[in-house]
Amino acid sequence: MQKTLFDKLWDSHLVKSIDGLDVLYIDRHLIHEVTSPQAFAGIEKRGIALANPSKTIATPDHNVPTKNQHLPISDPLSKFQVETLRQNCEKHQVEIFDLGHPQHGIVHIIGPENGITRPGLSMVCGDSHTSTHGAFGCLAFGIGTSQVEQVFASQCLLMKRPKTMRITVNGELSKGVTSKDVILYIISQLTAAGGTGYFIEYAGSTIEAMSMEARMTICNMSIEMGARGGMIAPDQKTYNYLKDRTYSPKGKDWDEAVTYWETLPSDAGAIFDREERFLAADIHPMITFGTNPGMGMNIGQAVPETVDDAGFDKSLVYMDLQKGERLEGKTIQHVFIGSCTNGRIEDLRAVADYVKGKQKAEHITAMIVPGSKQVELMARAEGLDKIFTASGFELREPGCSACLGMNEDKVPAHEYCVSTSNRNFEGRQGQGARTILASPLMAAAAAISGKIVDVRKFI
Amino acid sequence: MDIFTQITSRAVPLHIEDVDTDQIIPARFLKATTREGFGENLFRDWRYKKDEILNADFVLNNPLYSGEILVAGHNFGCGSSREHAAWAISDFGFKVVVSSFFADIFKGNALNTGLLPVQLETQQLAIVFEHMSKDPDTEFIVDIETQTFKIKNTDHSFSFEISKYKKECFQNGFDDIDFLLSLKDEIKSFEAKIPAFL
Ligand code: SF4
């Protein structure tokens, strides 16, 4: 029988099935400070040890400051949470990429850049954007804390097999249109709940032409359609990216791995439970207007009169926007560039390239938070930090930062922030904060202009 | 997990769709390292106005409504995978959440932590909301064995889905970890066969 990439990955990790539930073996478990303490406490309460600590890697990212990371954390609760992670890792022999560690960063950035994320693996993390790793042709999805505890206890998860959907995007993207626009477009077409119950494979010439980093942005936001995860078939680009990374297989193992990886792409004729098709030519730079990522539109459009979403009216009140209003030209106050969606080196390069020699608008606060220490160091080595500083942007140290506003990086109430992150929920970036999701390029242009603009008019 | 077979209770109507996990428990309250105490901040930004004054318009502050059942609009629990959302709802005192649709991860988290998600059809949910708005004292009977959600003193009895396995978990008060630990040997022999290059 012809199998999809998803089927191959799922079946190769199936320990057994029982009553419609599958026991799935987990190859890599990434953990962070927010969703792991209760799971550690849980196994301790049961009096058991981690089944396989060598398959677990930890990093504090959600709740860490992005300034002065060499100093003790000043917020006592955050400090306690990070210290709890350190203690748990020490006690249970889990490797940790701590603050200041050369491999520290947002959990979904450090997996790929260190070669921990690879085709053919099953990977989980107590964080919904674990879907990011699927860009490498692995089975990657977010789990809750009870499931973190399950993996701690047994290196397995009890799961219902999700349905499969293939989203095919064909054609060449026009200038100024990026992978972020592609995924925001897809979500706006399928809605914030449109992918529920599915594992999505992205395919087509548009996806194939993308860099690994751009592919990660696509898979990252699968969850914003409610999908269980996203994935892209591994190809030569995937192998080139992984070759010689710290944790990548070496020598004979590498060759064997590539031979295996080449068997993974969906067979011709494999059946998906659902198929959706889009054309690159229909995709323009995107922005969101509402309070879920499905409420997006292209920059040339006006806020719709109606949306098939009962939260629509309420979201416009929260955003202080009107039906029929055009957002192009609207003044904003903040720009946030970062997160596991767009905090990689290519994103920073795209921003630097645009802002070089330009000045941010005076009233704008513009913050750039690299996704990892490696991204930060690369940016500095390439001189991007100087470009950012000269343009009035602040380059911080790595972490989730204003993506979820758990640390002190928050957007004040009622102010607008054009953000490269993935969620525009009420209060996500701070109580009352109004988030407009966009690509790094659109965010850079907004910072320079001081308002929402169509980046295509400036490049 | 506690044993759960049947409850009879009044309910709280949360007539809002797409309630996301950032509303259920805002990120700034995720700093705790234990499971307890999240109920205090359930729907924090809806329950309180900016200056920490109780928002009288929000249903959890409406003295007319109380109970162990939360009835919510379509696509409840979307957003992040934080299990804290399920804990917060349980910790507040709810044992059952009713909706016409649950976000995937939330549903799994709820089932794993002993909070029963009851998914009804859209029209059935409308009937439930209608009864609650007419009479806030309406009682409901949730029965795991028969998989039914009844509006007390009416003919309305709606069935809901729950897997055989999860049903046994609720009825016996055991969870997935107890089950997985019983498979230790099978897991070990699976693990032994994983090739080195992976
Ligand atoms: S950057 Fe944002 S979305 Fe990504 S892991 Fe951190 S909080 Fe989650």
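Note that the coordinates shown come from a computational prediction; the quantities given were computed from them, not determined experimentally. (Residues numbered from 1 in each chain as written. Chains lettered and ligands numbered in written order. Predicted model: local features only at pLDDT ≥ 70, side-chain atom pairs only at ≥ 80, totals over all residues. Heavy atoms only, no water.)

## So, the interface of chain B and chain A
A common measure of how large an interface is: the accessible area buried when the components associate. If you look at the interface, chain B gives 50 residues, while chain A gives 71 residues. In total, chain B and chain A occlude about 4900 Å² of area from one another, counting both sides; carbon and sulfur atoms represent 59% of this. The largest share of the area that chain B buries against chain A comes from B:K31, B:F197 and B:L198, three residues that together contribute 16% of it. Notably, a salt bridge pairs A:D75 with B:K31, separated by 3.5 Å at the nearest N-O pair. (Contact = heavy atoms within 4.5 Å. Buried area = accessible area lost by both parts, 1.4 Å probe. Salt bridge = Lys/Arg side-chain N within 4 Å of Asp/Glu carboxyl O.)

## A look at the domain arrangement of chain A
All names here are of chain A. Splitting chain A by domain gives domain 1 (5–158), domain 2 (163–282) and domain 3 (286–457). Distance between the C-alpha centres of domain 1 and domain 3: 28 Å. Counting residues at the interface gives 25 residues for domain 1 and 24 residues for domain 3. Across the domain 1/domain 3 interface, buried area totals approximately 2000 Å², and carbon plus sulfur atoms make up 55% of it. (Domains from an automatic or database assignment.)

## Things to note about the sheet that holds strand β9 (residues 163–170) of chain A
Residue and element names in this part refer to chain A. With respect to topology, four strands assemble into an open sheet ordered β11-β10-β9-β12, the strand pairing being parallel. The open sheet is flanked by β11 (229–231) and β12 (274–279), the only strands paired with a single partner. Taking the axes of each pair of neighbouring strands and ignoring which way they run, one obtains an average angle of 20° across the sheet. Sheet analysis places β9 next to β12, joined by six bridges and oriented parallel. The residue bridging V169 from the neighbouring strand is F278, located in β12. Each of β9, β10 (198–203) and β12 is contacted by helix α6 (residues 179–190), which is oriented at about 125° to β12, the strand it contacts most. (Pairing = 2+ DSSP bridges. Helix = DSSP H or I, 4+ residues; strand = E, 2+ residues; numbered from the N terminus. Axes fitted to C-alpha atoms, helices over the stretch in contact; angles between N-to-C directions.)

## Observations concerning helix α5 (residues 122–134) of chain B
Residue and element names in this part refer to chain B. Between its first and last C-alpha atoms α5 spans 18 Å; for 13 residues at 1.5 Å apiece the expected length is 18 Å, and the two agree. Among the residues making up α5, those that are buried are Q124, L125, V128, F129 and M132. Around the axis of α5, the buried residues are gathered within 140° of arc, so they sit on the same side. Turned more than 90 degrees off the buried face of α5, the exposed positions are Q123, S133 and K134. The inward-facing, buried residues of α5 abut β2 (11–14), β3 (69–72), β4 (96–99), β6 (140–143), β7 (148–151) and β8 (157–159). (Expected span 1.5 Å × (residues − 1). Buried < 20%, exposed > 50% of the residue type's maximum accessible area, 1.4 Å probe, protein only. Arc of directions from axis to C-beta.)

## Section: the pairing of strand β1 (residues 6–9) of chain B
Residue and element names in this part refer to chain B. Taking every second residue as pointing to the same face, the buried face of β1 carries I7 and S9, while none of Q6 and T8 on the other face is buried. The pairing of β1 with β6 spans four bridges and is classified as antiparallel. Bridged to T8 within β6 is I141.

## Quick look at the pairing of strand β16 (residues 365–368) of chain A
All names here are of chain A. Note that strand β15 (residues 334–337) and β16 share four bridges and pair parallel. Looking at the pairing, I337 lines up with I368 of β16. Of the pairings in the sheet, the one linking β16 to strand β17 (residues 394–395) comprises two bridges and is parallel in character. Within the sheet, the bridge partner assigned to I368 lies in β17 and is L395.

## Quick word on the pattern of salt bridges
A pair can form between side chains of opposite charge whenever their charged atoms are brought close. Enumeration according to the criterion identifies 42 salt bridges over all chains in this entry. A:K252 is paired through a salt bridge with A:E256; the nearest N and O atoms lie 3.3 Å apart. With A:K252 and A:E256 both in helix α10 (residues 251–261) and four residues apart, this pair spans about one turn of that helix. The class of A:E256 is partly exposed, set by a relative accessible area of 32%. Where salt bridges share partners, they join A:R46, A:E149, B:R35, B:E83, B:D175 and B:D178 into one cluster.

## What about the environment of A:R326?
Residue and element names in this part refer to chain A. Among the secondary structure elements, R326 is positioned in the loop between α11 (312–319) and β15. Along the primary structure R326 and V303 are separated by 23 residues, whereas in three dimensions their C-alpha atoms are 6.3 Å apart. A polar contact of 2.4 Å, which involves the side chain of R326, links it to the backbone oxygen of G300. (Polar contact = N/O pair within 3.5 Å; in protein donor to acceptor, adjacent residues only side chain to side chain.)

## Things to note about unusual backbone geometry
Residues and elements named next belong to chain A. For Q93, which is not a glycine, the phi torsion comes out positive at approximately 55°. For Q93, the location among the structural elements is in the loop between α3 (76–91) and β5 (95–96). In this structure, D244 is a non-glycine residue whose phi angle is positive, near 70°. Looking at where D244 falls in the secondary structure, it is placed in the loop between α9 (236–242) and α10.

## Overview of the packing of α6(A) against helix α8 (residues 212–220) of chain A
Two quantities define a packed helix pair, namely the angle between the axes and the distance from one axis to the other. Residue and element names in this part refer to chain A. Following both chains from N to C, one finds α6 and α8 inclined at 20°, their axes separated by 8 Å at the closest point. What the angle tells us is that α6 and α8 run roughly parallel. Between α6 and α8 lies a crossing of right-handed hand. Here S179, K180, V182 and I183 of α6 lie close against α8, whose contacting residues are A214, T217 and I218. A breakdown of the residues in the contact of α6 with α8 according to their chemical character gives four nonpolar, two polar and one charged. (Parallel < 35°, antiparallel > 145°, perpendicular 65-115°, else oblique. Left-handed = near helix turned anticlockwise from the far one by under 90°. Nonpolar A, V, L, I, M, F, W, Y, C, P; charged D, E, K, R; others polar.)

## Overview of the packing of aromatic side chains
All names here are of chain A. The full count for this structure, using the stated rule, is 24 aromatic pairs over all chains. Between F388 and F393, the aromatic rings sit 6.4 Å apart at their centres with planes inclined by 40°, giving tilted as the arrangement. In this structure, F388 and F393 share a single accessibility class: buried. These aromatic residues form a ring-pair network of at least three members: F6, W10, F141 and F199. Over the ring of Y241 we find R245, and its NZ or CZ is 3.9 Å from the ring centre. In this structure, K358 packs its charged tip against the face of Y354, placed 4.0 Å from the ring centre. (Phe/Tyr/Trp six-rings, centres within 6.5 Å; stacked < 30°, edge-to-face > 60°. Lys NZ or Arg CZ within 6 Å of the ring centre and 35° of its normal.)

## A short note on the nonpolar core
Ranked by internal contacts, the top residues of the largest apolar core, which has 110 residues, are B:F43, B:F76, B:F106 and B:F149. When residues in this core are grouped by element, the largest group, eight residues, is from helix α16 (residues 440–449) of chain A. Per-domain counts for this core show at least three residues from each of domain 1 (5–158) and domain 3 (286–457) of chain A. Non-local contacts of B:F43, meaning those with residues more than four positions away in its chain, are made with B:L14, B:V19, B:Q23, B:I24, B:F58, B:L60, B:L70 and B:F76. Judged by nonpolar contacts, the second largest core, of 81 residues, contains A:L30, A:I167, A:Y202 and A:M210. (Core = buried A, V, L, I, M, F, W, Y, C linked by side-chain atoms within 4.5 Å.)

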